[in-house]
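Notes for the structure review
Residues per chain, in single letters:
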Amino acid sequence: MKKQGRKVDLSDLDLKKNVCIVVDQGKIKWVGKQDKISKELKKQIKQTIDVKGNTVLPGFIDCHTHMVFAGSRQHEFELRNQGVSYQEINKQGGGIGSTVRATRKASLDHLTNLAQDRVKKHLSQGVTTVEVKSGYGLSLKDEIKMLKAIKNIKKVNTVSTFLGPHSLPKEFNDHQTYIDYVIDKILPAVSKAQLADRVDIFIEKGFFTPTQADQYFKAAKSFNLGCIAHTEQLSLQNGYKTALKYDAVSLDHVIELDKAGIKTVAKSKSTAILLPIADFYLKTNYPNARALIDQGGRVAIATDYNPGSAPSQDLSLLGVLSRLEMKMKLHEVISGLTVGAAFALNKQNQIGCIDIGYQADFCVIDGDVGDLFYQIGHHPVLSTYVRGVRHFGKL
Ligand code: NIG
Ligand code: FE
């Protein structure tokens, strides 16, 4: 891929106007001016779609979500707003624990239906690939159920991530015993059933330590699973160092990175996934996107959609926060949802670009790219195509 998602400028974005894109079996076969299309190729074209002068972009990629869950955490919003911290709520059995209780009670069909319904909102916003994590089961049976629900999702491309070490389930008294159980019992079963593309862990005070992450990643590598981490979200744990040791394809949140950490992450092969909707809802700091980008780092942005820290899958909110609170430029926001996000999922050769050989994942937008990520609640997507098939809109 020519584009690396670093030091991005406007010309790096695949904004297509007045061109012809030829799709064959869900992939892009040819891109160019209509009068340049060969007679031979023209003869093979069975169906033509005219997007009437509107702009076509690569489909957006939401590269970090927790969108398979049951229940709601509305009451916690109120508690947090009255000053109770996220960690305190977790300690009292609320937070992730509350979603675990609701998700354990839900059947596989119910979880699948809930997720599929949420996918509608994503498709209506031009999202064509969604990463989804487990992590609300925290037992062999319920983690497998969650991962099966992720596999059941249709219409959108999915990447499935096992997040067994998300929080301590109530059956365990300490994190080390639980990590051992994850490594010995859940991970082998997940790998055998081929239910996850990679693994994730929440490295944080009161959750899991970098040492436990090291043990977990080592086991994951032995199953050939990629590693990523929720790290430096609420405090500096130096979890990024452990994750990088295992070639983490992404480092997620990274709000509390220090200067040296920013430099290391920017120079690494990994992609920093920034999740400002969670930062907004939790009233934490925002990550230093400018320093990461200006020092040559690759940045992706994602919703983090979940019922607790980020109960919104609204791309316009995500983009506006990225611009206002993290000072990202408009083209950096678009890159963060396309090229950057493709790298974060290690799918940079398949998605995130409009070029020959890439998946035919597009969104058609009404008006100019400047209309994107400007008004919260307004995200002018006319149509969404996944692997050449229209799943939203009329154009
Ligand atoms: O990315 N930080 C850990 N996990 C999620 C929150 C999950 C939840 O609160 O249910 C996050 O913010
Ligand atoms: Fe998350």
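Everything here concerns the structure above.
Anyway, here's the lowdown on the structure attached to this text. Values in this document were obtained by computation on a predicted structure and should not be read as measured data. (Residues numbered from 1 in each chain as written. Chains lettered and ligands numbered in written order. Predicted model: local features only at pLDDT ≥ 70, side-chain atom pairs only at ≥ 80, totals over all residues. Heavy atoms only, no water.)

1. Description of the coordination of the iron ion (ligand 2)
Protein-derived ligands of the iron ion (ligand 2) are His64 (NE2), His66 (NE2), His230 (NE2) and Asp304 (OD), with the metal-ligand distances lying across 2.1 to 2.3 Å. Here the donor residues of the iron ion (ligand 2) share one chain and are spaced in sequence as H-x1-H-x163-H-x73-D. With His230 in strand β8 (residues 226-231) and Asp304 in the loop between β11 (298-301) and α13 (315-324), the pair connects residues that are 74 residues apart, well separated along the chain. The pair formed by His230 and Asp304 is uniform in burial state, with each residue classed as buried. (Donors = N, O, S within 2.8 Å, 3.2 Å for Na, K, Ca; no water. Helix = DSSP H or I, 4+ residues; strand = E, 2+ residues; numbered from the N terminus. Buried < 20%, exposed > 50% of the residue type's maximum accessible area, 1.4 Å probe, protein only.)

2. Examining the sheet that holds strand β13 (residues 381-386)
Taken in spatial order, the four strands line up as β3-β12-β13-β14 in an open sheet, and their pairing is antiparallel. Looking along the sheet, the strands with just one partner apiece sit at the ends: β3 (55-58) and β14 (389-393). On average, adjacent strands in this sheet sit at an angle of 25° to one another, irrespective of strand direction. Bridge analysis of β13 against β14 gives four bridges, and the strand direction is antiparallel. Within β14, the position partnered with Tyr385 by the bridge is Arg390. (Pairing = 2+ DSSP bridges. Axes fitted to C-alpha atoms, helices over the stretch in contact; angles between N-to-C directions.)

3. Topic: the packing of helix α6 (residues 140-152) against helix α7 (residues 175-192)
Geometrically, a packed helix pair is captured by the angle between its two axes and the distance between the axes. Close contact between α6 and α7 brings their axes to 10 Å; oriented N to C, the two are set at 35°. At the point where α6 passes α7, the crossing takes the right-handed sense. Facing α6, whose interface residues are Leu140, Glu143, Ile144 and Leu147, α7 presents Tyr181, Lys185, Ile186, Ala189 and Val190. When its residues are assigned to classes, the contact of α6 with α7 shows seven nonpolar, no polar and two charged. (Left-handed = near helix turned anticlockwise from the far one by under 90°. Contact = heavy atoms within 4.5 Å. Nonpolar A, V, L, I, M, F, W, Y, C, P; charged D, E, K, R; others polar.)

4. Looking at the pattern of salt bridges
Opposite charge on two side chains lets them pair, provided their charged atoms get close. Applying the stated criterion to the full structure yields 16 salt bridges. A salt bridge links Lys120 to Asp117, with the shortest nitrogen-to-oxygen separation between them at 2.9 Å. You can see Lys120 and its partner Asp117 sitting in helix α5 (residues 108-124), three residues apart, about one turn around the helix. By sharing partners, the salt bridges in this structure join Arg104, Lys141, Asp142, Lys145, Lys170 and Glu171 into a single network. (Salt bridge = Lys/Arg side-chain N within 4 Å of Asp/Glu carboxyl O.)

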